[in-house]
Amino acid sequence: MAFINMKNKEIQAKIVYYGPGRGGKTSNLEYIYKQFRDRIPSDMVSIKTHGDRTLFFDFLPFDVGKIMGYSTRVQLYTVPGQVKYDATRRLVLKGVDGIVFVADSLAVQREKNLISLKNLQINLAAHKKDIFHVPLVLQYNKRDLDEPGIPILSLETLENDLNRQLKVPSFPASALNGDNVVLTLKRVIALTIASFQKRL
Amino acid sequence: MAPHHEKSMNLTEYAPGQDQLDKIEQILLTDLIASGVHCVLLIDFAGNIIAQGDDGRSQIDVYSLAALSAANFGAVEAMAKIVGQEEFALLFHKGETGSLYFSKVNNELLIISVFGKEIILGLLRMKVADAILKIQQIWKST
Ligand SMILES: Nc1nc2c(ncn2[C@@H]2O[C@H](COP(=O)(O)OP(=O)(O)OP(=O)(O)O)[C@@H](O)[C@H]2O)c(=O)[nH]1
Ligand SMILES: [Mg+2]
């Protein structure tokens, strides 16, 4: 639920990184934080376990600059990917305006991606949102693992598994070394802003 | 706009008018900041800041505070449901020199007050309750 402040000419929108546990959601935000220190007014907030698993969410406010005269800030969140944290995942989705689904390219995680995407659809529905109508981008993460010869899913397989019906923009990426992390972010911001531009 | 209120709640974005925001900010200042509250935020449950006021001295990371407060409030509400309660009325975190007080305005909005020793909780609760009544009236007309 984006907030448009007519008075201060300001937009706040909420973008959530969703996906299976250990898929690289937090790593995406960490890379963005490192890369854009100057556009981020505060520290990254992470509520996590001692083992660095997200427990509730990560939070990063990101200054996009002016869009049609409105200074625009997107609030980036991650959800905890582990199955058991479904209740907190649903909470973080409240008022979401745009979503990045971070899929894990590891071959052994194929099933986990499918389960998590299905879970996203269900949790969006709990907020009366339709996955087919929410600004959504898919990211196929950990492409760098191809190099050391670790079995990863082909892009065709990932497309076929996850994007056959959705038909949304998708990007191969590596949150570890930053490949396409910013491109993913830019695309989801563009889709999100476009979805409520008619109101400005 | 008032007759469309129900409908507009379903939109994925909302925008109260400049007038309403001015009035709300005025309430935050005269009812709360003037009574000794250091910083007050009106946020929605997505964690967006709708309006804010401060005493000019507080240096608080308001965006993180808003995000955490919305999540915390949501978590407490979910816990209330688990033990069969509609909600827990009072959410208050007391520190040595600074404290936080959360109060629900309506199904969309939450007020967070950051305050110190200058104001006692009883008085703060009264002031916040007053402010909430006024904000509810204004919000209804958006
Ligand atoms: N090789 C490689 N490793 C990655 C990549 N992205 C993340 N990782 C690693 O995968 C592990 C999990 O990454 P996180 O970013 O914590 O994953 P997450 O999705 O936030 O996990 P949860 O918080 O449990 O939901 C970490 O050890 C990361 O370093 C990537 O692109 N390539
Ligand atoms: Mg994480």
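For the structure given in this document, a descriptive report is provided here. Residue indices follow the written sequence of each chain, beginning from 1 at its first position. Here chains are named by letter from A upward and ligands by number from 1 upward, in the order in which they appear as written. Since the coordinates come from a predicted model, pLDDT governs what is reported: local features require at least 70, and pairs of side-chain atoms require 80 or more to be given and counted, while whole-chain, interface and lining totals use all residues. Hydrogen atoms and water are omitted, and side-chain values are computed over all heavy atoms in the structure.

1. Quick look at the coordination of the magnesium ion (ligand 2)
For a metal bound by four donors in a tetrahedral arrangement, the ideal donor-metal-donor angle is 109.5 degrees, while six donors in an octahedral arrangement ideally sit at 90 or 180 degrees.
Residue and element names in this part refer to chain A.
Logical step 1: Each metal site is built from N, O and S donor atoms within 2.8 Å (3.2 Å for Na, K and Ca), and since water is not included, such sites may look incomplete. Here the magnesium ion (ligand 2) is held by the protein donor atoms Thr26 (OG1) and Thr54 (OG1), which lie 2.0 Å from it. Taken together, the residues threonine 26 in helix α1 (residues 25–35) and threonine 54 in strand β4 (residues 54–67) connect sequence positions 28 residues apart.
Logical step 2: Overall, the relative accessible area of 19% leaves threonine 26 in the buried class.
Logical step 3: Take threonine 54: its relative accessible area is 10%, and that puts it in the buried class. Only runs of H or I of at least four residues qualify as helices and only runs of E of at least two qualify as strands under DSSP, and these elements are numbered from the N terminus. Using a 1.4 Å probe on the protein chains alone, a residue whose accessible area is under 20% of its type maximum counts as buried, one over 50% counts as exposed, and one in between counts as partly exposed.

2. A look at the site of ligand 1
Residues and elements named next belong to chain A.
Logical step 1: Around ligand 1 lies a shell of 19 residues, among which Lys25, Ser27, Thr54, Gly81 and Asp144 are the nearest.
Logical step 2: For this analysis, a polar contact is any N or O atom pair within 3.5 Å, provided that within protein one partner can donate a hydrogen and the other can accept it, and provided that sequence-adjacent residues contribute only side-chain to side-chain pairs. Take glycine 81: an N or O atom from its main chain is 2.7 Å from an oxygen atom of ligand 1.
Logical step 3: Within the complex, 83% of the 650 Å² of free accessible area of ligand 1 lies under protein.
Logical step 4: The element contributing the most residues to the shell around ligand 1 is α1, with 3 residues.
Logical step 5: In terms of residue class, the shell around ligand 1 is built from 5 nonpolar, 9 polar and 5 charged. We call a residue near a molecule or strand when any one of its heavy atoms sits within 4 Å of it. To be clear on the numbers: accessible area is Shrake-Rupley with a 1.4 Å probe, and residue cover counts the displayed protein chains and nothing else. The classification used treats Ala, Val, Leu, Ile, Met, Phe, Trp, Tyr, Cys and Pro as nonpolar, Asp, Glu, Lys and Arg as charged, and all other residues, Gly among them, as polar.

3. With respect to the interface of chain B and chain A
Logical step 1: Here, residues are in contact when the closest pair of their heavy atoms is within 4.5 Å. On the chain A side, the residues contacting the 25 residues of chain B number 28 residues.
Logical step 2: Taken together, both faces of the contact between chain B and chain A bury some 2400 Å²; the carbon and sulfur share is 61%.
Logical step 3: Take a side-chain nitrogen of Lys or Arg and a carboxyl oxygen of Asp or Glu: if they are within 4 Å of each other, that pair is a salt bridge. Across the chain B-chain A interface, the total number found is 2 salt bridges.
Logical step 4: Of the charged contacts in the structure, one is a salt bridge between lysine 7 of chain A and glutamate 25 of chain B, with a shortest N-O distance of 2.7 Å.
Logical step 5: Elements supplying a minimum of two residues to the side of chain B that touches chain A: β1 (13–14), α2 (18–32), β3 (49–54) and α3 (62–82) of chain B.
Logical step 6: For the side of chain B that touches chain A, the element with the most residues is α3 of chain B, which contributes 7 residues.
Logical step 7: Taken together, the residues that form the side of chain B that touches chain A break down as 14 nonpolar, 6 polar and 5 charged. By convention, the term buried area covers the 1.4 Å-probe accessible surface removed from two parts as they join, with the contributions of both added.

4. With respect to the packing of α1 of chain A against helix α5 (residues 181–196) of chain A
All names here are of chain A.
Logical step 1: Axes here mean lines fitted to C-alpha atoms, for a helix over just the part in contact, with angles spanning 0 to 180 degrees between N-to-C directions. The geometry of α1 relative to α5 is characterised by a closest axis approach of 10 Å and an angle of 95° between their N-to-C directions. Comparing their axes, α5 and α1 come out roughly perpendicular. When α1 is examined against α5, the residues Asn28, Tyr31 and Ile32 are found in contact with a partner set consisting of Val181, Val182 and Leu185.
Logical step 2: Class assignment for the residues of the contact of α1 with α5 results in 5 nonpolar, 1 polar and no charged. Any angle from 65 to 115 degrees is called roughly perpendicular, while one under 35 is roughly parallel, one over 145 is roughly antiparallel, and all others are oblique.

5. A short note on the packing of aromatic side chains
Logical step 1: Aromatic rings from Phe, Tyr and Trp, with only the six-membered ring used for Trp, were paired whenever their centres fell within 6.5 Å, and each pair was classed as stacked if the ring planes differed by under 30 degrees, edge-to-face if by over 60, and tilted otherwise. This structure, assessed with the given rule, holds 6 aromatic pairs over all chains.
Logical step 2: With a centroid separation of 5.1 Å and an interplanar angle of 65°, the aromatic rings of phenylalanine 56 of chain A and phenylalanine 57 of chain A are classed as edge-to-face. The pair formed by phenylalanine 56 of chain A and phenylalanine 57 of chain A is uniform in burial state, with each residue classed as buried.
Logical step 3: Judged by centre distance (6.1 Å) and plane angle (15°), the rings of phenylalanine 92 of chain B and phenylalanine 115 of chain B are stacked. Residue phenylalanine 92 of chain B is found in strand β4 (residues 91–94), and its partner phenylalanine 115 of chain B is found in strand β6 (residues 109–115); the two are separated by 23 residues along the sequence.
Logical step 4: For phenylalanine 115 of chain B, a relative accessible area of 3% translates into the label buried.
Logical step 5: Of the aromatic side chains, those joined through ring pairs into one cluster are Phe56, Phe57, Phe59 and Tyr77 of chain A.
Logical step 6: Above the plane of the ring of tyrosine 77 of chain A lies lysine 14 of chain A, whose end atom (NZ or CZ) is 4.5 Å from the centre.
Logical step 7: In this structure, arginine 73 of chain A is placed above the aromatic ring of tyrosine 63 of chain B, and the distance from its NZ or CZ to the ring centre is 3.8 Å. Our definition puts a charge over a ring when NZ of Lys or CZ of Arg is within 6 Å of the ring centre and also within 35 degrees of the ring normal.

6. A short note on the environment of lysine 128 of chain A
Logical step 1: You can see lysine 128 of chain A is positioned in the loop between α3 (110–126) and β7 (136–141).
Logical step 2: Considered as a pair, lysine 128 of chain A and phenylalanine 36 of chain A are 92 residues apart in the sequence and their alpha carbons are 33 Å apart.

7. Notes on the pattern of salt bridges
Logical step 1: Tallied over the entire structure, the rule returns 12 salt bridges over all chains.
Logical step 2: For aspartate 86 of chain A, the salt bridge goes to arginine 89 of chain A, with nearest N and O atoms at 3.1 Å. Note that aspartate 86 of chain A and arginine 89 of chain A are positioned in helix α2 (residues 86–92) at a spacing of 3 residues, about one turn of the helix. Take aspartate 86 of chain A and arginine 89 of chain A: they sit in the same class, and that class is buried.
Logical step 3: Ionic contacts of the salt-bridge type, sharing partners, join the residues Lys7 of chain A together with Asp22 and Glu25 of chain B into one network.

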